[in-house]
Amino acid sequence: MKRRSNLKSSERNTQPVNSAKKLKDTEDFGATSISCPNSKYTAVLLKGKVQLRQEETKGVKSFPADKRQGRILCHALTTDFFHYGTDSGHVVCVLLKDGKTVSSFTHTVGVREVFPAQRGKHLVFTDEKKSGYLLSTSTESDSCLELPDFSPTITGVLWESWHPERGVFAAYDHEKVYVYALHKLTIHGSWVSLVGSECLHPSKKPMLLENGVLTCQLASGQTSKLTLSTHSYLKQAGSSSSKLSKQLTRAVMLNRLDEGLDLVRTHTKERLVKKLGKACLIHMEVELAIQVYRLSQNVSMVSSLEAIRGMEEYKLLAGHLAMFLGEYNLAQDHYLSSSCPLAALEMRRDLSHWEKALKLAKDLAEDQIPYISKEYAAHLEQTGDFLKALAHYKNGLTHNNQEHNEACQAGVARMLITLGDIRGGVAKAIEHPSRVLKQECGALLESMRQLSQAAQLYETGQYYDQAALVYMQCKDWAKVGELLPHVSSLRTHQRYAKAMEANGKFKVAAQAYKRAEDWDNLTRILLDHLNNPEAAVHIVRQTKSKEGAKMVARFFLQLKNYDSAIRILVLCQCNDEAFKLAQQHRQVEVFAEIIGAEATQDDYRNIALYFEAEKNHLQAGYYFHLGEQYRGALENLLMCDPTEDGLAVDMAIEVVCQAKDICLTDQLIEYLTGKPDSKPKDPVHLFRLYMALQRHAEAAHVAISIAREQLCSGNYRVSHNLLFKMYRELLDCKTDIPAEMSTNLMLLHSYLLAKIHVKRGDHLKAAHLLTRVSENIRMFPAHVVPILTSAVIECQRAGLRNSAFNHAVTLMSPDNRKQIQQKYRKKIEDIVRHPHKSEVVDEMTPCPVCGSLLPQNELLCTSCKSNLPYCIATGQHMLREDWSVCPHCDFPALHSQFLLLLKTEKACPMCSQTLCADEVKKISDCSKYLATANLNRRTMASP
């Protein structure tokens, strides 16, 4: 016979016989109709049988082996398998290696064409009715799926060579190409879907399908490539939502879920993510579904999928995924077919599908029927099907679970009461150990107006508050009284108190109001019915109740006890009512005294306006000041009577200091200087004003003026204290001290210190101090003669005869002579008539600044021209090696002399503060004191 050429496997079912190319000669077996070559095998269909010849061994096998399979109408070869179809509907797959039948499927009618996949796992065949089917030969039981919308004109099938395990193939005729996809492993089982179709030119003959690209042979023998519309999304970037949705749909239909994930990652849209997630669950791609739901941050779904990750059993996994998708009937079917059928029962219980759960429990787990019945009964109770709920509660009773039985018995009791069996329900509720059940049944009975039984259950369950309220509705006051010690509800006590008050039992009502903490009503009862104002006042003081305060105030008003009425109102912060009351009865002063620091700005303003209308300017100014109405305060204070002038001015000074208003300050200064009425006020007030305003320079000038007046009046201690105070203020403020102030303070201190030394008998120190004062005797006009007389006497005693003579000469002037006391006149005249000018030389000591020697009582160094600090104990200039200060006033003193002075004196001679010798410490480095002394005395004139 003629040898026929080998054709490419893709052309074996479509290439005509007369167009075959001759390759080699072989033995002819007779007439042939179809040839299907393979590189190692050749299959020839001869009169309903196929001769399969192996080229290497020249061996020949004939098919079908069993004549009952009928005549072979079609056949096909792949690399490892030989497939054929018969007129009786048999589709057989044979392994080429050993010739054994791998699988055999019997169709209802004869098979016309077979188109196997290259690996032999799947096969498409057409039958005599021109219908198409997909046969899977790799499963334990071959499954045959009809192809949807299959065209009867189909002439060939090409399987996708890119990822062939995805089961994508194209069926074609002379006009169209139809793309199908096998969805093999899903929760719904296996099915084939038509992905789409594409028009095909008659001159093009399909040869190969690779990743959606169809390679066709043209009539000229050349090839062309056509990208199928079903796969075009792979090369088109979608932007709109509709395009993205279509692309995702195509990816899912082609089993390309991983590409769908890439698509939703690029365009994260919730709708697309949900769509892909559902597709992953349907196709049982758990790992991929986890990634998808993580994109949408669906934590619950991710957690559920994580729990079943790695599950290998198909039915059990499919059941879980169907449940996640809400396909509960399908999930139940899968669960029942799996190794864990109880999962179906658990699902129905979780979903509250109680009827179905009970049916499943009868077949799978009868011991769960009581528990399901109890849960079903609770559900029926909530939906209002009480009769059916009662039946299921009774069916739920068991013999081995006390807690469960108690829950069922509680349900029976509730249902009996709800259905009208009051006696039976109450009896079961009382027998039941649960307090909560008694409360629930009591509430049911109360809603049904079965009050006595409801109260009985409340009391039995120790719900005393509710029991008391129900007994009140029954007007069983005796029973309420028995329960009151156990009642904690204030509202219940209050209702009982009102009932007792209505019945005229005021003492019982008062006790109930007290337990209810209804203080206002208790106050009213005490005042109106029990005539016990002391207890009422005590309650108001404790509770600060405004209503109670008003009631007590009205009670006191009836007794005309205005003070107590105002006081109780203020105590409870009823300030407006208290002020109106005080104003009506001219008791505003009492109100102001009572309210004190608790008043508000409005309270102070009202009080001030009242006093202003009453022409009581001092009080008006005071309360305007407290209310921070500074202008009104100052105006009223400056209008005060002269008898109140001192207090008013002090208050005015405080007002302007707090106001910090220049206009108000100037107004007060003009008042004190007498500009409005040409009557200057005491300069002490002006001094206080400047001090309060911290205007120390003006204060210093006023202080000097006041001190000068005091000097002229002979009030040396007052003048000294004033200058000392001003001196300290200026030092603290680091302000320059006027020379006149420093000089006056030094001279006044010298005079007062001289009197101390005279008393101590230290005549030399007293003489030098009095000599210093005498040289400035014009500052002491009130005591010129006494000071000079004392200077003569002390100088005479100290041996300073020349100084005594000079002072005596001054005394004997015509203006002073007549004022000399008689007992000293003759002695002074003798000193003048018989002068002795011998003088004890003053001791020379070093200047603390430059070290030059100068008399110890000299306060101006002739070498360095420095004003030297003086010792407050002796009046002498200070020495570096003998330096100390008073710990109170910080004025310097010679350490040795200060200690000597403190042996007889108990206070500092400068500040008059009590002091002992142990408090005085010697200072080794006095530089900072010298610097301060020079800074503050740089303008001080030499005495």
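See the structure printed just above.
A few points on the structure. The model shown is predicted, which means the values in this text are computed figures rather than measured ones. (Residues numbered from 1 in each chain as written. Predicted model: local features only at pLDDT ≥ 70, side-chain atom pairs only at ≥ 80, totals over all residues. Heavy atoms only, no water.)

Some points on the packing of helix α36 (residues 784-798) against helix α39 (residues 822-833)
The cut-off we apply is this: To define axes, lines are fitted to C-alpha atoms, for helices over the stretch in contact only, and angles between the resulting N-to-C directions are given on a 0 to 180 degree scale. Only DSSP runs of H or I reaching four residues or more are called helices, and only runs of E reaching two or more are called strands; each is numbered from the N terminus. Geometric relationships in this document are graded by angle, where less than 35 degrees denotes roughly parallel, more than 145 denotes roughly antiparallel, 65 to 115 denotes roughly perpendicular, and other angles denote oblique. Here is the rule for handedness: rotate from the far helix to the near one, and if that takes an anticlockwise turn smaller than a right angle the crossing is left-handed, while a clockwise turn gives right-handed. Only heavy atoms enter the contact rule, under which two residues are in contact if any of them lie within 4.5 Å. Only Asp, Glu, Lys and Arg are considered charged in this grouping, and only Ala, Val, Leu, Ile, Met, Phe, Trp, Tyr, Cys and Pro are considered nonpolar; every other residue, Gly among them, is considered polar.
It is the contact of α36 with α39, at a shortest axis distance of 11 Å, that shows an interaxial angle of 60 degrees. As judged from the angle between their axes, α36 and α39 are oblique. Between α36 and α39 lies a crossing of left-handed hand. Where α36 abuts α39, its residues Thr-789, Val-792, Ile-793 and Gln-796 lie against Tyr-824, Ile-828 and Ile-831. For the contact of α36 with α39, the per-class residue count stands at 5 nonpolar, 2 polar and no charged.

Details of the packing of aromatic side chains
To keep things clear, this is the line we draw: Each Phe, Tyr or Trp ring (for Trp, its six-membered ring) is paired with any other whose centre lies within 6.5 Å, and the angle between the two planes then decides the class: stacked below 30 degrees, edge-to-face above 60, tilted in between. For every residue, the accessible area (1.4 Å probe, protein chains only) is compared with the maximum for its type, and the residue is labelled buried under 20%, exposed over 50%, or partly exposed between those bounds. Criterion for a charge above a ring: Lys NZ or Arg CZ within 6 Å of the ring centre, and within 35 degrees of the ring normal.
Inspection of the entire model under this criterion finds 13 aromatic pairs. Relative to Phe-82, the ring of Phe-63 has its centre 5.3 Å away and its plane inclined at 50 degrees; by these criteria the two rings are tilted. With Phe-63 in strand β4 (residues 60-63) and Phe-82 in strand β6 (residues 81-86), this pair connects stretches of sequence that are 19 residues apart. Look at Phe-63 and you get buried, because its relative accessible area is 7%. Grouped by ring-pair contacts, the aromatic residues Phe-63, Phe-82 and Tyr-84 constitute a single cluster. Here Arg-435 stacks its cationic end above the ring of Tyr-463, 4.4 Å away from the centre of that ring.

Some words on the packing of helix α18 (residues 490-502) against helix α19 (residues 506-515)
Here α18 crosses α19 at 165 degrees, and the two axes come no closer than 8 Å. With respect to α19, the axis of α18 lies roughly antiparallel. You can see that α18 and α19 cross each other, and the crossing is left-handed. Packed against α18, whose contacting residues are Leu-490, His-493, Gln-494, Tyr-496, Ala-497, Lys-498, Met-500 and Glu-501, the element α19 presents Phe-506, Val-508, Ala-509, Ala-512, Tyr-513 and Arg-515 at the interface.

Side note on the side chain of Gln-69
Mapped onto the elements of the fold, Gln-69 is located in the loop between β4 and β5 (72-77). Its relative accessible area of 15% is what places Gln-69 among the buried residues.

Brief notes about the sheet that holds strand β16 (residues 191-199)
Heads up, the rule is: Here the rule is simple: two strands pair whenever DSSP picks up at least two bridges between them.
Reading across the sheet, the 4 strands line up as β13-β14-β15-β16 and stay open at both edges, with antiparallel pairing between neighbours. In this open sheet, the two edge strands, each paired with only one partner strand, are β13 (156-159) and β16. Ignoring which end each strand starts from, the neighbouring axes of this sheet average 25 degrees apart. Pairing geometry for β13 and strand β14 (residues 168-172), over 4 bridges, is antiparallel. In the sheet register, Leu-158 faces β14, and the bridge partner there is Ala-170. Strand contacts of helix α1 (residues 241-253): β15 (176-183) and β16, with the helix running at about 125 degrees to β16, the strand carrying the most contacts.

Some remarks on the environment of Gly-196
Within the secondary structure, Gly-196 is located in strand β16. By relative accessible area, Gly-196 is classed as buried at 14%. Apart from residues lying up to four places away in sequence, Gly-196 is in contact with Val-177, Tyr-178, Val-179 and Thr-230.

Some points on helix α3 (residues 270-282)
For the record, the criterion: Under the convention used throughout, the expected extent of a helix is 1.5 Å for every residue step, that is, one less than its residue count.
In a regular helix each residue adds 1.5 Å, so 13 residues correspond to 18 Å; α3 covers 18 Å between its end C-alpha atoms and thus fits that length. Of the positions making up α3, those classed as buried are Leu-272, Val-273, Leu-276, Gly-277, Ala-279, Cys-280, Leu-281 and Ile-282. Contact partners of the buried residues in α3: β16, α1, α2 (257-266), α4 (286-295), α5 (299-308) and α6 (314-324). Two residues or fewer past α3, Met-284 is found with a positive phi of approximately 60 degrees.

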